[in-house]
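Secondary and tertiary structure notes
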Amino acid sequence: MGYENGQLLTEDWHFHDHMECEVPVQIYLGDTHKDIGFVEQVMPGFVKINNTYYNRNTYRFVSRPGF
């Protein structure tokens with residue numbers, strides 16, 4: 001894994017990498033920060049972070065290594 005801070009996450013394997021390596025993910029709705037945390041579960045349409053299911057088509061997910 002070699003993600004840069006601020007890299008956009010879009011693919012299943014991006015989320016699985018972050019879950020396995022415990023790299024934080026920041027969640028945005030448009031340009032508004034909504035949450036930051038660790039991936040708990042990955043599904044085709046959703047990502048579970050901080051016990052919340054985020055729709056992958058609605059939210060933007062950004063890698064935050066070292067956060």
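Details of the structure are given in the entry above.
About the cut-offs
Residues numbered from 1 in each chain as written. Predicted model: local features only at pLDDT ≥ 70, side-chain atom pairs only at ≥ 80, totals over all residues. Heavy atoms only, no water. Pairing = 2+ DSSP bridges. Helix = DSSP H or I, 4+ residues; strand = E, 2+ residues; numbered from the N terminus. Buried < 20%, exposed > 50% of the residue type's maximum accessible area, 1.4 Å probe, protein only. Contact = heavy atoms within 4.5 Å. Phe/Tyr/Trp six-rings, centres within 6.5 Å; stacked < 30°, edge-to-face > 60°. Core = buried A, V, L, I, M, F, W, Y, C linked by side-chain atoms within 4.5 Å. Axes fitted to C-alpha atoms, helices over the stretch in contact; angles between N-to-C directions.

**Concerning the sheet that holds strand 1 (residues 8-9)**
Taking strand neighbours across the sheet as the criterion, the four strands line up as 1-7-2-3 in an open arrangement whose pairing is antiparallel. Lying at the two open borders of the sheet, with one neighbouring strand each, are strand 1 and strand 3 (32-37).

**Brief notes about the environment of Gly37**
With respect to the element layout, Gly37 can be found in strand 3. With a relative accessible area of 8%, Gly37 lands in the buried category. For the pair Gly37 and Val23, spaced 14 residues apart in the sequence, the C-alpha separation amounts to 8.4 Å. What Gly37 contacts, discounting residues up to four positions off in sequence, is Val23, Pro24, Val25, Ile49 and Asn50.

**Some words on the packing of aromatic side chains**
Considering all chains together, one arrives at two aromatic pairs under this definition. Where Phe15 meets Phe61, the ring centres are 5.2 Å apart and the plane angle is 90°; that geometry is what we call edge-to-face. In this pair, Phe15 sits in helix 1 (residues 12-21) while Phe61 sits in strand 7 (residues 60-63), placing the two residues 46 residues apart along the sequence. Phe15 sits in the buried class, given a relative accessible area of 1%. Phe61 sits in the buried class, given a relative accessible area of 2%. Aromatic pair Tyr54 and Tyr59: ring centres 5.0 Å apart, planes at 85°, arrangement edge-to-face. Looking at Tyr59, the relative accessible area reads 23%, which means it is partly exposed.

**Remarks on the nonpolar core**
Formed by Tyr3, Leu9, Phe15, Val25, Ile27, Val39, Val42, Val47, Ile49, Tyr54 and Phe61, the largest nonpolar core amounts to eleven residues. If you list the elements that add at least two residues to this core, you get strand 2 (25-29), strand 4 (39-42) and strand 5 (46-49).

**Notes on the sheet that holds strand 5**
On the basis of which strands lie adjacent, the open sheet formed by three strands has the order 4-5-6 and antiparallel pairing. Of all strands in the sheet, those with a lone pairing partner are strand 4 and strand 6 (52-55), marking the two edges. Taken pair by pair, the neighbouring strands of this sheet meet at an average axis angle of 30°, ignoring direction. Across three bridges, the pairing between strand 4 and strand 5 is antiparallel. Its bridge partner lying in strand 5, Val39 is registered against Ile49. Taken strand by strand, helix 1 contacts strand 4 and strand 5, and its axis lies near 145° from that of strand 4.

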